[in-house]
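If you want the building blocks of each chain, they are given just below.
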Amino acid sequence: MVDLGLSLISEEHGPNELIDAAARAEDAGFEFALVSDHFHPWLSEQGESPFVWSTLGGIARETSDLRVGTGVTCPLFRIHPANVAQAAATAATMHPGEFFLGVGTGENLNEHVLGDHFPPQDRRLARLEEAVEIIRGLWEGETYSHHGEFYTVENARLHTVPDDPPPIHVAAGGPQAADAASRIGDGLISTAPKGDLVERFSNGGDGKWNGTRDRPAYGQVTVCWAPSEREARRTAHEQWRQTALPGELGQVLPTPAHFEQATEMIDVDDVASTVTCGPDPDDHIEMIDEYVEAGYDSVSVHQVGPDLGPAIEFYEESVLPSFD
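This text gives an overview of the structure that appears in the document.

Throughout the structure, instances matching the rule amount to one cavity of 30 Å³ or more. Each pocket or cavity is described by its volume, and for the largest cavity that value is around 40 Å³. Taken together, Leu6, Phe30, Val301, Gln303, Leu308, Ala311, Ile312 and Tyr315 form the lining of the largest cavity. Among the secondary structure elements, those contributing two or more residues to the lining of the largest cavity are strand E11 (298-303) and helix H13 (308-318). By residue number, the principal contributor to the lining of the largest cavity is H13, which donates four residues. Taken together, the residues of the lining of the largest cavity sort by class into seven nonpolar, one polar and no charged.

Pasting the structure below:
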């Protein structure tokens, strides 16, 4: 059994459109939503980057039972973990029992904007572990201080906190991040159907996890529904071609202009090899099944392009019933 969710991609849609899509997704039968957190879009063609915490407030007023979380936010540079702790506590209060905080180590695209150095992954993971410690400490609702390697918090107290702290799910794409997620996370978030990653997270990775192994794994599948496969392939290339960049370029390039330069040689076939394109429900079901077989118990669907409403309708009629 798998829970299906909708990814609300802030790089492609404005806040009101995302809020409307969340309400429509709940009505259609999606169980949860992931809301991305970017300062910049990847490409100028995408054209948006609303503040995730404002969007989450709007979603809270327009939905009732939809589970919702950040997919994902970076509490390391652009926003101090104490501020993330306050924002997430407020969101959890507005979404009682339905909010989770998804965190990750970010991308230079967003995290360089205040002039901070964007360090290698191992240092970002070390920062993330300390940031999560601070967030959980502040969620206790008592006066809290912290003097660590990366962050200082002095005599801080959150006065608006939920009755129960929300879970923290950690994004991972490789073994080092999966180990960190296993140490500090209540769940895993990933964008690839990697069974070995889920297994490493679930089994404690480097052996430093001593808690329960019954923790959720969230996967995100990227699709592009359109009335024809040709149109879907074209839209996916125009709007999401950075997904075909190799290696760590997606983490280190600093501006949309750099992404546009780096993707000049990426063609439609390159993107279609990573994005499920077209109106055939079997293709979409097969892609979701890959995540299920890899061990993910929740899968979020990212629809590329402007057609969120028709894509939600397509999933309601032709895909979601296969997973009831």
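What follows picks up the thread again.
Bringing the packing of aromatic side chains into the picture now. All chains considered together, the criterion is met by 10 aromatic pairs. With centroids separated by 5.0 Å and ring planes inclined at 35 degrees, the aromatic side chains of Phe100 and Tyr218 adopt a geometry described as tilted. Of this pair, Phe100 sits in strand E4 (residues 99-103) while Tyr218 sits in strand E9 (residues 217-224), and the two are 118 residues apart along the sequence. For the pair Phe100 and Tyr218, a shared accessibility class is recorded, and that class is buried. Among the aromatic residues, those joined into a cluster by ring pairs are Phe30, Trp225, Phe314 and Tyr315. Lying over the aromatic face of Phe201, Arg215 brings its terminal NZ or CZ to 4.2 Å of the ring centre.

What follows is about the pairing of E11. Counting buried positions over the six residues of E11 gives six, a clear majority of the element. Alternating residues of E11 divide into Ser298, Ser300 and His302 and Val299, Val301 and Gln303, and every residue in both groups is buried. In terms of strand pairing, strand E1 (residues 3-8) meets E11 through four bridges, oriented parallel. Across the sheet, Gly5 pairs through a bridge with Ser300, a residue of E11. Here E9 runs beside E11; their pairing, made up of six bridges, is parallel. Within the sheet, the bridge partner assigned to Tyr218 lies in E11 and is Ser298.

Moving on to a negative patch on the surface. Taken together, the side chains of Glu229, Asp280, Asp282, Asp283, Glu286, Glu290 and Glu293 present a region of like negative charge at the surface. Along the polypeptide, Glu293 turns up in helix H12 (residues 281-294). Residue classification places Glu293 among the exposed residues on the basis of a relative accessible area of 69%.

On to the packing of helix H3 (residues 81-94) against helix H5 (residues 121-138), then. Between H3 and H5, the least distance of the axes is 9 Å, while the angle of their chain directions is 45 degrees. The angle between H3 and H5 falls in the class oblique. In terms of crossing hand, the pair formed by H3 and H5 is right-handed. Residues Pro81, Ala82, Val84 and Ala85 of H3 lie in contact with H5, whose contacting residues are Ala131, Ile134, Ile135 and Leu138. Among the residues making up the contact of H3 with H5, the classes are represented as eight nonpolar, no polar and no charged.

Conventions used here
Residues numbered from 1 in each chain as written. Predicted model: local features only at pLDDT ≥ 70, side-chain atom pairs only at ≥ 80, totals over all residues. Heavy atoms only, no water. 1 Å grid on protein atoms, 1.4 Å probe; cavity = no way out; pocket = protein on both sides within 12 Å on 5 of 7 lines; lining within 4 Å. Points joined across faces, edges and corners; volume = space filled by probe spheres on them. Helix = DSSP H or I, 4+ residues; strand = E, 2+ residues; numbered from the N terminus. Nonpolar A, V, L, I, M, F, W, Y, C, P; charged D, E, K, R; others polar. Phe/Tyr/Trp six-rings, centres within 6.5 Å; stacked < 30°, edge-to-face > 60°. Buried < 20%, exposed > 50% of the residue type's maximum accessible area, 1.4 Å probe, protein only. Lys NZ or Arg CZ within 6 Å of the ring centre and 35° of its normal. Pairing = 2+ DSSP bridges. Patch = residues over 30% accessible without salt bridge, like charges linked within 9 Å, V, L, I, M, F, W, Y side chains within 5 Å. Areas by Shrake-Rupley, 256 points an atom, 1.4 Å probe, with all protein chains shown as cover. Salt bridge = Lys/Arg side-chain N within 4 Å of Asp/Glu carboxyl O. Lys, Arg positive; Asp, Glu negative; His and termini not counted. Charge placed at Lys NZ, Arg CZ, Asp CG, Glu CD. Axes fitted to C-alpha atoms, helices over the stretch in contact; angles between N-to-C directions. Parallel < 35°, antiparallel > 145°, perpendicular 65-115°, else oblique. Left-handed = near helix turned anticlockwise from the far one by under 90°. Contact = heavy atoms within 4.5 Å.

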